[in-house]
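Examining the three-dimensional arrangement
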Amino acid sequence: MSTSTSKAQTVDPVTVEIIRNGLLAVTEEMKTNLTRTAYNLIIYEALDFTVGLFTTNGDTVSIGLGLPMFIRGMSETVKAKIKRYGLSEIKPGDILVTNDAYTTGSHLNHFTFTMPVFHQGELVAFTCCMAHWLDVGGTLGQVTTDIYSEGIQIPIVKYRREGVVNQELVDIIAMNVRLSERAMGDLRAQITAVTTGERRFLELVERYGKDAVLGSIAQIMDHSEAVARANTRSIPDGIYEAESFMDDDGLEIGKKVPIKVRVEKRGDEMTIDLSEVSRQVRGFYNSGVTTGIACAQVAFKCLTTATDYPVNDGSFRNLKVIMPMGRVISAERPFPMRVWMTYPMTVIDTVFKAFAKAIPDRTIAGHHADLVFPNIHGISPADGKLFIVGIGPLGGGWGAKKNEDGVSVTVCINDGDTHNSPSEQLEAKYPVLVERYSIREDSSGAGRTRGGLGAEMVVQALSPFSLTTRIDRMHCKPWGLEGGGEAAGNSIGIRRDGRWEKDLPNAKIFNVRLNRGDAYMMQSGGGGGFGDPMERDPEFVAEDVREGYVSPTVALNIYGVVLTTKGDVDVVATQIRRKAKTSVRFEEESFEVIPG
């Protein structure tokens, strides 16, 4: 994985800053044009895609804020395309495509289009767009156990060769997906994105000159490296380890999947070792090696260059990632990849967990770490045609920081800039009724700073459909730090004939048939708390109760806060209760059991 840049001319700081913002503007316009022309909600509303600019050797120059986990997969996909054809065989007007899961690191739904940018006959950059297609064929709604059952696989080929579209390839793709009209619409939208990037990048080059643009890119990357090294030095040297678990792989129900990380920090260098993350599993929760590397890079960027833009490969020059093949985040063919996104976000959380003692002011408690994203399909009563829709991501609670409460009902770290599905859009396009979408009371982990809250969404079927969920972290709940409490986990419930079934072995259900009037309830988990709940400001607790975030029972029993009938803090009673609870807890912690 190369992140080096060739020596380029020195460019004055003003021009560099103009180019920096120009690069951001290019990728933002790529995003805008994709969302304006896409056919499926998952792209134009949920924003499940990422666009980017890359150097001629495939290094990341700028990626539009989107899915953080694409930070490595897009770059490595561009590099794989360069390796497949060689720079000499990549011509003006070409557009290369693949959805190979083991190259992108994700599932087959992610089609990735890459276009070379030529200036006066010289290759100067690549544009790229990776976006989620709603359907790519394969088994619908079941746990897949190999890649072949998950849909059509497109190796690295040329969608367009010197301006001429490969119509035979388009016909093959269209024949192998269920909703071909929508898939072809999203394909064209992605072409719009990469051609927009080509046009706007060339405008930068023509306005400021090729040497100034490429020189600025080199300096921007060097600056990102310098910031990353400086902030890495601020972390105490040492070896840090942490472990967490996933519920199961969807097949061996209740068999936990271990996630263990080891981080070594020396000077301005860091090594993140993911060797002890679980071996690849039979169920479809695996992802490719580029996602494994991305886990380390996302965590590293959050800790060292969180606000440094554009996102580029300079930020990772002082990071070494140890990522053996054959793990759940470096799976090998033909292991299944359909739910690639679930385990990586807990890997990232576990890296933060490893640093909890070393840099408590810069780490975070565990978050809900799942899309909480149901898929439904059925026959639309409006036109008699098949419909497929993913509703979400629901959003949930993020972990508390040392001096800040966690954010509530926010998309998990894996999907970053994606949005939830507007209820009005869902009800207008599909036979569903959103009965409730609200904050989930008492879902946050208690602490001196509390975790964020999850959400609850109840969706009624207006005509029969089949429901599939692949949700994890129901039992392996978001952890707290420094005495903070764990949060509620993610969950699912089914209502039939007016009666709720909630006592399910996990939050994974496959092709469950719901009839008209039946409903499902999704509940996202909260974020873990930070610090002793008994140290939380009583006025903050009272406000949480007034807002419906925390129940009076939890306020009394967990936070030790006594409220009056008007909801105000009873200061004296609170002091007495907290003192009593602290004394009892101290005695429990001090009690020693003598064997025999």
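Each remark here, short or long, concerns the structure printed above.
Residues numbered from 1 in each chain as written. Predicted model: local features only at pLDDT ≥ 70, side-chain atom pairs only at ≥ 80, totals over all residues. Heavy atoms only, no water.

Within the protein one finds 13 helices and 20 strands. The C-alpha radius of gyration computed for the protein amounts to 25 Å, which stays within 12% of the reference 25 Å derived for 596 residues, consistent with globular compactness. Along the first, second and third principal axes, the C-alpha set of the protein runs to 80 × 60 × 50 Å. Within the protein, buried positions represent 60% of all 596 residues. (Helix = DSSP H or I, 4+ residues; strand = E, 2+ residues; numbered from the N terminus. Rg over C-alpha atoms; globule rule 2.2 N^0.38 Å. Buried < 20%, exposed > 50% of the residue type's maximum accessible area, 1.4 Å probe, protein only.)

Moving on, we get to the nonpolar core. The biggest cluster of nonpolar side chains holds 126 residues, and the ones touching the most others in it are Leu23, Phe111, Phe113, Trp133, Tyr159, Phe201 and Phe355. Here this core takes eleven residues from helix α6 (residues 180-208), the largest share from any one element. Among the nonpolar cores identified, the runner-up in size contains 28 residues, and Val372, Ile376, Phe465 and Ala507 belong to it. (Core = buried A, V, L, I, M, F, W, Y, C linked by side-chain atoms within 4.5 Å.)

So, on to the pairing of strand β4 (residues 110-119). Across the ten residues that make up β4, a large majority, ten, are buried. Side chains His110, Thr112, Thr114, Pro116 and Phe118 of β4 all project onto a buried face; the interleaved residues Phe111, Phe113, Met115, Val117 and His119 project onto the opposite face, where all are buried too. With three bridges connecting them, strand β3 (residues 95-98) and β4 associate as antiparallel partners. Among the inter-strand pairings, Leu96 is bridged to a residue of β4, identified as Thr114. Between β4 and strand β5 (residues 122-132), which pair antiparallel in sequence order, lie two residues; one of them, Gln120, sits at a positive phi of approximately 50°. (Pairing = 2+ DSSP bridges.)

Hydrogen bonding along the main chain pairs the strands of a sheet, whether they run parallel or antiparallel. In space, the four strands of this open sheet follow the order β8-β9-β10-β11, with mixed pairing throughout. The sheet terminates laterally at β8 (238-246) and β11 (319-322), the two strands that pair on one side only. Mean inter-strand twist for the sheet, computed between neighbouring axes without regard to direction, equals 15°. Direction of pairing for strand β9 (residues 257-266) relative to strand β10 (residues 269-273): antiparallel, over a ladder of five bridges. What sits directly across from Arg266, in β10, is Glu269. Along the sheet, helix α8 (residues 289-304) makes contact with β10 and β11, crossing β11 at roughly 145°. Here helix α9 (residues 342-354) sits on the sheet and contacts β8, β9 and β10; the angle it forms with β8, its principal contact strand, is near 145°. (Axes fitted to C-alpha atoms, helices over the stretch in contact; angles between N-to-C directions. Contact = heavy atoms within 4.5 Å.)

So, about the side chain of Ser244. By secondary structure assignment, the location of Ser244 is in strand β8. At a separation of 2.6 Å, a polar atom in the side chain of Ser244 contacts the side chain of Thr350. Beyond its immediate chain neighbours, meaning those up to four positions away, Ser244 contacts Val257, Pro258, Ile259, Thr346, Thr350, Lys353 and Trp479. (Polar contact = N/O pair within 3.5 Å; in protein donor to acceptor, adjacent residues only side chain to side chain.)

Turning next to the sheet that holds strand β13 (residues 386-390). Spatially, the four strands line up as an open sheet ordered β13-β12-β16-β19, and their pairing is antiparallel. The outermost strands of the open sheet, each flanked by one partner alone, are β13 and β19 (508-514). Taking each pair of neighbouring strands and ignoring which way they run, the sheet shows an average axis angle of 15°. Two elements, strand β12 (residues 375-379) and β13, share five bridges in a ladder whose sense is antiparallel. By the bridge assignment, Ile379 is partnered in β13 with Leu386.

Moving on, we get to α6. For α6, spanning 29 residues, the distance from its first C-alpha to its last is 42 Å, which sits close to the expected 42 Å at 1.5 Å a residue. At the C-terminal side of α6, Gly209 shows a positive phi close to 95°. (Expected span 1.5 Å × (residues − 1).)

Moving on, we come to the pairing of strand β2 (residues 60-63). With three bridges connecting them, strand β1 (residues 49-54) and β2 associate as antiparallel partners. By the bridge assignment, Phe54 is partnered in β2 with Thr60. Connecting β1 to the next strand, β2, in antiparallel fashion are five residues, including Gly58 with a positive phi near 95°.

This part covers the environment of Met130. By secondary structure assignment, the location of Met130 is in strand β5. Looking at Met130, the relative accessible area reads 0%, which means it is buried. Sequence separation between Met130 and Val26 is 104 residues, and the spatial gap between their C-alpha atoms is 16 Å. Ignoring anything within four residues of it in the chain, the contact list for Met130 reads Phe49, Thr50, Phe70, Gly73, Met74, Thr104, His110, Phe111, Thr112 and Gln190.

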